[in-house]
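Letter by letter, the chains look like this.
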Amino acid sequence: MFIIAEIGQAHEGSLGMALAYIKALANTGINAIKFQVHIAEAESSVHEPFRIKFSKQDKTRFDYWKRMEFNLEEWKIIKNTCDENEVEFLASPFSNAAVDLLEEIGVKRYKIGSGEVNNFLLLEKIAATGRTLILSSGMSSFTELDDTVNFLMEKGVDFSILQCVTSYPTKPENYGLNVIKELRERYMVPIGYSDHSARPETCIAAAALGAEILEFHAVFSRKSFGPDATSSLEIDEVKNLVEAVKNIDKALKNPIDKTDNSQFTDLKKIFEKSLAVNKSLKKGDKIKFEDLEAKKPKNYGINAAEFRNVIGKALTKDIKKWSFLKHDHI
């Protein structure tokens, strides 16, 4: 299980806040911390509309991206802090210029956001790096995904796909957990889930359905400023989630053979039962169902499972109430 906590823009353009997030999340057990690399001039314009109008300090969406930028040296500090805290630095580029910046910083793999799935210019740029790619599928139909998958396969790119719903926060009826199986069967690559529900159980359910990668937004508080805060998990929730999904992952990797219960032989002797009588009976009495009880442990009388074999049989000797019924009694 590969678990990604996305900081995204929760840092609000503050290097200090970004580093604080890294240090806090590194203690939760996640594998990677994901950022978004926005270079305003390369990816946007003053004509770009706000997804949600959340900010009074940013006149345009372009201004917001500009405020979220870090320079190369700041990104290197962020990457080094991830390394020092033993979590992978992961980032989503939103322009070819952002790929150049990330190559200079040094990354192991790329994450592609839902809005870039059909940006073949960007995919061509990333394919040329030879690096692994994680693809979110939030806004794509299967037909569109087919085109992207074919493109990546032709380029020899090692990739995985995340089921993702690009609605914030995602409601239960829109989780699309069924798509995890559909993606796996259609593309035969590792499949994961990118969550925006702000609910820990969503990723737990995805893990139980076999998701191999989990991604979610993380924030110190859902009351924080920013477009993703209400769709994020808080740090304490992340720690509990990681423990839960790792346990599920371990369970799925260790299937139980229900045809073999030999490991329970000793326990079965303790918990299973033998037949007994619930009243004193005389020699010659014929045993009725109403005369029987089952008592622990097993093998002190006729096995309780064999009760049908004794119904109607005559007793060969007197037997006291609550005594085990043995084969030589009938």
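Residues numbered from 1 in each chain as written. Predicted model: local features only at pLDDT ≥ 70, side-chain atom pairs only at ≥ 80, totals over all residues. Heavy atoms only, no water.

### Brief notes about the pattern of salt bridges
- For the coordinates displayed, the defined rule picks out 22 salt bridges.
- A salt bridge links K298 to E272, with the nearest nitrogen and oxygen atoms 3.0 Å apart. Of this pair, K298 sits in the segment after β11 (292-295) while E272 sits in the loop between α11 (265-271) and β10 (274-277), and the two are 26 residues apart along the sequence.
- Looking at E272, the relative accessible area reads 28%, which means it is partly exposed.
- Bridged by salt links that share partners, the residues E6, K34, K111 and E215 form one connected network. (Salt bridge = Lys/Arg side-chain N within 4 Å of Asp/Glu carboxyl O. Helix = DSSP H or I, 4+ residues; strand = E, 2+ residues; numbered from the N terminus. Buried < 20%, exposed > 50% of the residue type's maximum accessible area, 1.4 Å probe, protein only.)

### Some details on the UniProt feature "domain: AFP-like" (unreviewed entry) in the chain
- When the UniProt feature table is mapped onto this chain, "domain: AFP-like" (unreviewed entry) is found at residues 274-330.
- Each end of residues 274-330 is marked by a C-alpha atom, and these two atoms are 15 Å apart; helix forms 0% of the span and strand 14%. (UniProt positions renumbered as here; feature names shortened; annotations may be inferred.)

### Things to note about the environment of L123
- With respect to the helices and strands, L123 occurs in helix α6 (residues 120-127).
- Judged by its relative accessible area of 0%, L123 is buried.
- Counting along the chain gives 32 residues from L123 to K155, while the straight-line C-alpha distance between them is 9.7 Å.

### Description of unusual backbone geometry
- Between K296 and the following residue, P297, the backbone shows a cis peptide bond with an omega angle of 0°.
- With respect to the helices and strands, P297 occurs in the segment after β11.
- We note that N299 has phi near 75°; this positive angle belongs to a residue other than glycine.
- When you line up the elements, N299 lands in the segment after β11.
- Under the relative-accessibility criterion, N299 is labelled exposed at 51%.
- For W322, which is not glycine, the phi dihedral falls at a positive 70°.
- In this structure W322 comes out as partly exposed when scored by relative accessible area, which is 43%.

### Considerations on the packing of helix α1 (residues 15-26) against helix α4 (residues 72-84)
- One can describe the packing of α1 onto α4 by two numbers: an axis separation of 10 Å at closest approach and a directional angle of 15°. Between α1 and α4, the interaxial angle falls into the category roughly parallel. In the crossing of α1 with α4, the sense of the turn from one axis to the other is right-handed. Mapping the contact onto sequence places L15, A18, L19, I22 and K23 in α1 and E74, I77, I78, T81 and C82 in α4.
- Within the contact of α1 with α4, the residues separate by chemical class into seven nonpolar, one polar and two charged. (Axes fitted to C-alpha atoms, helices over the stretch in contact; angles between N-to-C directions. Parallel < 35°, antiparallel > 145°, perpendicular 65-115°, else oblique. Left-handed = near helix turned anticlockwise from the far one by under 90°. Contact = heavy atoms within 4.5 Å. Nonpolar A, V, L, I, M, F, W, Y, C, P; charged D, E, K, R; others polar.)

### A few points about the environment of Y175
- Here Y175 shows up in the loop between β6 (159-164) and α8 (178-187).
- Measuring from C-alpha to C-alpha, the distance between Y175 and L25 comes to 25 Å, with 150 residues separating the pair along the chain.
- If we ignore the near neighbours within four places in the chain, the residues touching Y175 are Q163, V165, T170, Y193, S197, R199 and T202.

### Some details on the pairing of β6
- Counting buried residues along β6, six of its six residues qualify, which places the element largely inside the surrounding structure.
- The alternating pattern of β6 places F159, I161 and Q163 and S160, L162 and C164 on opposite faces, both of which are buried.
- As judged from the four bridges shared by strand β5 (residues 132-136) and β6, these two strands associate in the parallel manner. Residue pairing for β6: I134 is matched across the bridge by S160.
- Considered for its hand, the β-α-β crossover made up of β5, helix α7 (residues 142-154) and β6 is right-handed.
- Bridge analysis of β6 against strand β7 (residues 191-195) gives four bridges, and the strand direction is parallel. In the sheet register, C164 faces β7, and the bridge partner there is S194.
- Regarding topology, α8 serves as the crossover connection from β6 to the parallel β7, and that connection is right-handed. (Pairing = 2+ DSSP bridges. Right-handed = clockwise from strand over helix to strand, strands pointing away.)

### Details of the side chain of K79
- For K79, the location among the structural elements is in helix α4.
- The class of K79 is buried, set by a relative accessible area of 16%.
- One polar contact links K79 to D83, side chain to side chain, over a distance of 2.8 Å.
- Residues contacting K79, with those up to four places away along its chain left out, are F89, I105 and G106. (Polar contact = N/O pair within 3.5 Å; in protein donor to acceptor, adjacent residues only side chain to side chain.)

### Some words on a nonpolar patch on the surface
- Judged by side-chain polarity, F264, L267, I270 and F271 come together as a nonpolar surface patch covering roughly 410 Å² of accessible area.
- Tracing the backbone through its elements, the reader meets L267 in helix α11. (Patch = residues over 30% accessible without salt bridge, like charges linked within 9 Å, V, L, I, M, F, W, Y side chains within 5 Å. Areas by Shrake-Rupley, 256 points an atom, 1.4 Å probe, with all protein chains shown as cover.)

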